[in-house]
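Coordinates in review
Now for the letters of each chain:
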Amino acid sequence: MNPGAAPILTCNAVSRHFGSLRAVDAVSLQVAPGEVLGIGGPNGAGKTTFFDVVTGITAPSGGRIDFMGRDITEAGADEICHAGIARTFQLNAAFEHLTVAENVAVAAQFGRHARRFPGFRLSAASRAAAAEALEFAGLGPKAHLRAGDLPVLDRKLLMIAGAMATEPRMIFLDEPVGGLNSAEIDLVQELVRRMQARGITIVLIEHVMRFLLTLSTRVLIMHHGQIIFEGPPDRVAEDETVVETYLGQGAARRLKRHFAGAPAHA
Ligand SMILES: Nc1ncnc2c1ncn2[C@@H]1O[C@H](COP(=O)(O)OP(=O)(O)OP(=O)(O)O)[C@@H](O)[C@H]1O
């Protein structure tokens, strides 16, 4: 990462209101190219809604979003994907009746470029991108299985493969290890490191603090739609507001031990 580089993403006073609820309340932040920005915070803090606004799933109520120097505030999800932002979802998002390979091929074909003749024929470039993404996520041997029949880990990997098939510059991962066991978490952690090594800028939401704090180069904690903490991972458990509103004393103690060199299991 080059800390002096122009931001790849800039959000300026971005809001999303649902009636009187300010799910995202004037969030301003910049993401530098190559960063892994981790976002934590209690349930209902507005993390997923923030992802939804940036990735064009839902329109912002206010504010402005720039990606690689382009204003994407009003852009739709397809345009934002074509511009180079991919994402995964907290809950399974796949065509249940298609195979793993078919799901990733759809992502490669429709996620990379706007199509003049949608569905006309899978291009050689899309086939290559899909094959590479399957290989990246380690799903090659499961390519023929139906998405709906996959266990939890493979469903998460399928979303990652689909996102990678769009050949993104930036990827948003929404709870990529929620519901996974320790070995599975390590596997996804390794994948995220490989994404970062490819120069992809990463923003991830996660409640599993070991994962969040190990991977992130910078951490944001949200609460009631606002950023209540921003700083390096080893400072999160030191912040009194974060401990009170989110971590609790027990988790904070474990995390402090972790950063002092002992295992955390938080
Ligand atoms: N479509 C919607 N209509 C109305 N309220 C919504 C909608 N989507 C989200 N909300 C509300 O906005 C708030 C923020 O929700 P959001 O899912 O963004 O939180 P979160 O931080 O991602 O939580 P979690 O960690 O549980 O996933 C919550 O109060 C939620 O109920």
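Preceding block: the structure.
Here we summarise the structure given alongside this text. These numbers come from a predicted model, not from an experiment. (Residues numbered from 1 in each chain as written. Predicted model: local features only at pLDDT ≥ 70, side-chain atom pairs only at ≥ 80, totals over all residues.)

Right, let's get into the overall build of the protein chain. Of regular secondary structure, the protein chain possesses eight helices and ten strands. Compactness check: the protein chain gives a C-alpha radius of gyration of 18 Å against a globular reference of 18 Å for 266 residues, within 12% of the reference. Projected onto its principal axes, the C-alpha coordinates of the protein chain cover approximately 55 × 40 × 40 Å. The buried share of the protein chain, taken over its 266 residues, is 43%. Contacts in the protein chain between residues at least 24 apart in sequence constitute 65% of all its contacts with a sequence separation of at least 6. (Helix = DSSP H or I, 4+ residues; strand = E, 2+ residues; numbered from the N terminus. Rg over C-alpha atoms; globule rule 2.2 N^0.38 Å. Buried ≥ 20, exposed ≤ 12 C-beta atoms within 10 Å, placed from the backbone. Contact = placed C-beta atoms within 7 Å.)

In the vicinity of the ligand, the contacting residues are Phe18, Leu21, Ala23, Gly41, Asn43, Gly44, Ala45, Gly46, Lys47, Thr48, Thr49 and Gln90. Of all the secondary-structure elements, those providing two or more residues to the shell around the ligand are strand S2 (21-31) and helix H1 (47-54). Sort the elements by how many residues they give to the shell around the ligand and H1 lands first, with three residues. (Near = placed C-beta within 6 Å.)

What follows deals with the nonpolar core. Formed by 76 residues in total, the largest nonpolar core has its most connected members in Val104, Ala133, Ala137, Leu158, Ala161 and Ala165. Per-element accounting of this core gives the leading share, eight residues, to helix H5 (residues 152-165). Residues from two domains meet in this core; each of domain 1 (1-84 + 170-266) and domain 2 (95-167) gives at least three. Ignoring anything within four residues of it in the chain, the contact list for alanine 137 reads Leu157, Ile160, Ala161, Met164 and Leu191. (Core = buried A, V, L, I, M, F, W, Y, C linked by C-beta atoms within 7 Å. Domains from an automatic or database assignment.)

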